[in-house]
Amino acid sequence: MNIAFFDTKQYDIPSFEKYGSEYGVSFKFFDTKLNEDTAELARGYDGVCVFVNDAVNAKVIDSLVDCGVKVLALRCAGFNNVDMKYAFSKLHVLRVPAYSPYAVAEHTMAPLLTSIRRIHKAYIRTRDFNFSLAGFTGFDLYGKTVGVIGTGKIGRVFIDICRGFGMKVLAYDKFPAKGLDNGDTIRYVEKDELFAKSDIISLHCPLTEDTHHMINEAAIEKCKKGVVILNTSRGALIDAEALLKGIKSRKVGAACLDVYEEEADLFFEDNSGHIMEDDTLLRLISMPNVIVTSHQAFLTEEALENIAETTVKNIVGFFENGQCPNELCYRGGSAEDCKDGKCF
Ligand code: NAI
């Protein structure tokens, strides 16, 4: 099995080579992202392996099929970068539904603590032997209310972490999890109540037509003054212009963003020698109460191992058995994991 691997980063290679050689899958690592101009590189390969910012649109799918590619193996959970409707009956799409919800949930807490306790500022001050505490007053998380949107694998681990801090949880999910609401410290509510009552809001739902820009001007208007917004899910859940406006008006007290709507051409790369063309991101990064990380929430040793192992097993399962439990299927409604191996 020969797989063309796009958007390769150095940290991907050791784990994919390890599991690839163990299971008989050979990877050709390309630095470039998969797009309309680069799809031709996949000619002659059995499959392609892509990440979150490879744009798998209709034209790319047509090119891949023309190149003889049968399988698109996503080495991530989200699949908003794939035109699933168009892929149906043309290309089998496999994904890694879970690799370490702990990696993402734990990372969500890191910039929250950093921002509200001003660790990013203190770190710089003490390196210059400036031991002043001026401007560093934070607030306790204990007793505060956190609104968690999306109570799947990552959202539920984040809820556990927040409960460890003694926070109350208001949750919203289109498909609430059975047994999570205890009527007291964890309660499912409607989105508007979550916006109105949360001190901190954390996003853990997928990016869909429903959730695109769910944090917009109207939503921020409904929030408490000083609300802290956390996004380790997908950038386009937040209208970044509206967030910037909320920060400038002091309505939003802090924002911690691991993802950004226009991240595709910026994140994962060293742009330090370039002029930043994106004025919104430039302005957000310049704010003392905004912390931006470049889509790194998944990046732990455990997650990288799990991603490589599951991706390789998905590919082997598909080519050896003709089906894979982690195949995504679009049957005229929405994309979901295929339960019966009859995706076409
Ligand atoms: P999951 O599928 O276990 O949970 C997602 C939850 O969102 C489900 O409970 C689902 O019912 C809910 N949901 C679906 N539509 C919704 C809507 N319209 N409104 C509210 N809730 C809705 O997914 P998991 O593993 O917890 O991942 C969540 C998201 O985290 C992924 O979709 C992905 O975008 C993001 N992610 C980010 C990473 C990073 O490195 N920053 C790494 C991995 C995932």
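Just above, that's the structure.
In this text, all values refer to a predicted model and were calculated from it rather than measured experimentally.

**Student:** Could you clarify how one ought to interpret the sheet that holds strand E12 (residues 290–292) in this entry?
**Tutor:** Strands in a sheet are paired, the pairing made by backbone hydrogen bonds, and the direction either parallel or antiparallel. The strand order across the open sheet built from seven strands is E8-E7-E6-E9-E10-E11-E12, with neighbouring strands paired in parallel fashion. Looking along the sheet, the strands with just one partner apiece sit at the ends: strand E8 (186–188) and E12. Averaged over neighbouring strand pairs, the angle between their axes works out to 15 degrees when direction is ignored. Taken together, the three bridges between strand E7 (residues 168–172) and E8 define a ladder with parallel strand orientation. Paired with Val-169 across the strands is Ile-186, a residue of E8. Along the sheet, helix H6 (residues 153–164) contacts strand E6 (145–149), E7, E8, strand E9 (200–203) and strand E10 (227–231); its crossing angle with E6, the most-contacted strand, is approximately 175 degrees.

**Student:** Quick question: what am I supposed to make of the environment of Ala-110 here?
**Tutor:** When you line up the elements, Ala-110 lands in helix H4 (residues 101–116). Ala-110 sits 146 residues away from Cys-256 along the chain, and the two C-alpha atoms are 9.3 Å apart.

**Student:** Help me understand the nonpolar core in this model?
**Tutor:** Most often, soluble globular proteins keep nonpolar side chains buried together rather than apart. In this structure, Leu-34, Val-48, Leu-64, Leu-72, Ile-149, Leu-243 and Leu-284 are the most contacted members of the largest nonpolar core, which totals 85 residues. Broken down by element, the residue count for this core peaks at eight residues, all from helix H11 (residues 301–321). Viewed by domain, this core spans two of them, domain 1 (2–99 + 301–337) and domain 2 (101–292), each represented by three or more residues. Core analysis: the second largest hydrophobic core is formed by 23 residues, Leu-141, Phe-158, Tyr-188 and Leu-230 among them.

**Student:** Quick question: what am I supposed to make of the sheet that holds strand E2 (residues 26–29) here?
**Tutor:** Reading across the sheet, the seven strands line up as E2-E1-E3-E4-E5-E13-E14 and stay open at both edges, with mixed pairing between neighbours. Each edge of the open sheet carries a strand with a single partner, namely E2 and strand E14 (335–337). Each strand axis lies, on average, 30 degrees off the axis of its neighbour in the sheet, ignoring direction. Pairing analysis gives three bridges linking strand E13 (residues 327–330) to E14, with the strands arranged antiparallel. Paired with Leu-328 across the two strands is Asp-337, which belongs to E14. Its contacts with the sheet put helix H1 (residues 13–23) on strand E1 (2–5), E2 and strand E3 (47–50), and the angle it makes with E2 is roughly 155 degrees.

**Student:** It is not clear to me how the environment of Arg-187 should be interpreted in this structure. Could you clarify?
**Tutor:** Structurally, Arg-187 can be placed in strand E8. Residues Arg-187 and Ala-171, 16 residues apart in the sequence, show an inter-C-alpha distance of 5.9 Å.

**Student:** Whenever I open this one, the packing of aromatic side chains confuses me. Can you help?
**Tutor:** Given two aromatic rings, their pairing is described by the distance between the two centres and the angle made by the two planes. For the coordinates displayed, the defined rule picks out 11 aromatic pairs. Each ring, one from Phe-5 and one from Phe-16, has its centre 4.8 Å from the other, and the planes form 70 degrees; the classification is edge-to-face. Here Phe-5 is found in strand E1, whereas its partner Phe-16 is found in helix H1, with 11 residues between them in sequence. You'll find Phe-5 and Phe-16 in the same group, each marked buried. When the centroid spacing of 5.7 Å and the interplanar angle of 85 degrees are considered together, the rings of Phe-5 and Phe-27 count as edge-to-face. Note that Phe-5 is positioned in strand E1 and Phe-27 in strand E2, a separation of 22 residues in sequence. The pair Phe-5 / Phe-27 is uniform in exposure class, with both members buried.

Definitions and limits used
Residues numbered from 1 in each chain as written. Predicted model: local features only at pLDDT ≥ 70, side-chain atom pairs only at ≥ 80, totals over all residues. Heavy atoms only, no water. Pairing = 2+ DSSP bridges. Helix = DSSP H or I, 4+ residues; strand = E, 2+ residues; numbered from the N terminus. Axes fitted to C-alpha atoms, helices over the stretch in contact; angles between N-to-C directions. Contact = heavy atoms within 4.5 Å. Core = buried A, V, L, I, M, F, W, Y, C linked by side-chain atoms within 4.5 Å. Buried < 20%, exposed > 50% of the residue type's maximum accessible area, 1.4 Å probe, protein only. Domains from an automatic or database assignment. Phe/Tyr/Trp six-rings, centres within 6.5 Å; stacked < 30°, edge-to-face > 60°.

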